[in-house]
Amino acid sequence: MSTVEDDDDREIEASRAPLLDHLVELRKRLIICIVAFGAGFGLCFAFAEPIYIFLLHPFEVAARLMAAETASGGGHGPFALMSALSGFTDVPEGGEGLRLVFTAPLEFFFTKLKLAAFGAVILTFPVLAWQVYAFVAPGLYKRERRAFLPFLAAAPGLFLLGAGLVYYMILPFVLWFSLSQQIIGDAAVTVELLPKVSDYLTLVTTLLLAFGLCFQLPVVLTLLALTGLVNAQMLRSGRRYAILGVFIVAAVVTPPDPISQLSLAIPIILLYEVSIWCVRLMERRRRHEDEAGTDVIPT
């Protein structure tokens, strides 16, 4: 006679290996990760300038809209910038091209290196995550492996969702607020925004990381529930404190305007509710499996 728990225990015992074998396996996984990251780095560095220009596109559109507003006195704003970035409205033509500066001889070169490294991590994340999973999978029960795989697939999608929110919603507010601080048209004094190439990349990557990591909340909470550290009742009872913490984080990582803060806070609160639903669903499934595992199965 056997049970589901006995089958899992035998599977774990069969996967046991000496320490040297684990080290050999770890070396293999690390080599694959290094090769993948190196290939992604080389590819991103080869296209570093087009990627940087793509990241500059919101800034360019914002500068054109601001120039058109200054020339015609029209009522543009961040929502008009969001509409133009999304392709719903046309971008004004003409005006001076966007100007950025670098103040050190190799500053733009090192900026492209940082951009290539950041892009390589994003590009090769599926490979890196799979290697981590492949290394730890032999030590997991079969049901734990089945539960882990959906999160492995969901993490990149959630990160891209957060990155899209930054590109099409948060950056327009940041850039429009920055451009609105200029003093142009006064013959005596001119205050013009001329950002450094490294500073702009730092701004964009910081926002992308902040939003992308915050959007991993369902993955993190569900994995914590899988290990038994949290449960659905705990998450429901701590909802008010979670909402307060979300708004504090949003106030820290977003520009000083309420719309940007709400743009981060509201999706995270919704993701928190999705996390509660996922944890409750996982707990229900685990109860069913435990109940089925207690039944004696004749051999």
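Scroll up to find the structure this text is about.
Residues numbered from 1 in each chain as written. Predicted model: local features only at pLDDT ≥ 70, side-chain atom pairs only at ≥ 80, totals over all residues. Heavy atoms only, no water.

1. Some points on a positive patch on the surface
So, point 1. A contiguous patch of positive charge on the surface is contributed by Arg 236, Arg 280, Arg 284 and Arg 287.
So, point 2. A per-element tally of the positive patch places helix α12 (residues 258-293) first, with three residues.
So, point 3. On the secondary structure map, Arg 284 appears in helix α12.
So, point 4. Exposure remark for Arg 284: the relative accessible area of 41% places this residue in the partly exposed category. (Patch = residues over 30% accessible without salt bridge, like charges linked within 9 Å, V, L, I, M, F, W, Y side chains within 5 Å. Areas by Shrake-Rupley, 256 points an atom, 1.4 Å probe, with all protein chains shown as cover. Salt bridge = Lys/Arg side-chain N within 4 Å of Asp/Glu carboxyl O. Lys, Arg positive; Asp, Glu negative; His and termini not counted. Charge placed at Lys NZ, Arg CZ, Asp CG, Glu CD. Helix = DSSP H or I, 4+ residues; strand = E, 2+ residues; numbered from the N terminus. Buried < 20%, exposed > 50% of the residue type's maximum accessible area, 1.4 Å probe, protein only.)

2. Some details on the packing of aromatic side chains
So, point 1. Taken as a whole, this structure holds eleven aromatic pairs when the rule is applied.
So, point 2. Relative to Phe 45, the ring of Phe 41 lies with its centre 6.3 Å away and its plane at 10°, an arrangement referred to as stacked. Pair noted here: Phe 41 and Phe 45 are both in helix α2 (residues 19-46), with a separation of four residues, about one helical turn.
So, point 3. Given a relative accessible area of 26%, Phe 41 falls into the partly exposed group.
So, point 4. Each ring, one from Phe 54 and one from Tyr 167, has its centre 4.8 Å from the other, and the planes form 10°; the classification is stacked. Taken together, the positions of Phe 54 in helix α3 (residues 48-72) and Tyr 167 in helix α7 (residues 142-179) put the pair 113 residues apart, joining distant regions of the chain.
So, point 5. By relative accessible area, Phe 54 is classed as partly exposed at 47%.
So, point 6. One aromatic cluster is present, built from ring pairs that chain together Phe 37, Phe 41, Phe 45, Phe 109 and Phe 110. (Phe/Tyr/Trp six-rings, centres within 6.5 Å; stacked < 30°, edge-to-face > 60°.)

3. Side note on the environment of Pro 58
So, point 1. Mapped onto the elements, Pro 58 comes out in helix α3.
So, point 2. Counting along the chain gives 23 residues from Pro 58 to Leu 81, while the straight-line C-alpha distance between them is 8.0 Å.
So, point 3. Sequence-distant contacts of Pro 58, that is, excluding residues within four places in its chain, are made with Leu 81, Leu 85, Tyr 167, Leu 171, Leu 175 and Tyr 200. (Contact = heavy atoms within 4.5 Å.)

These figures capture arrangement, not role.
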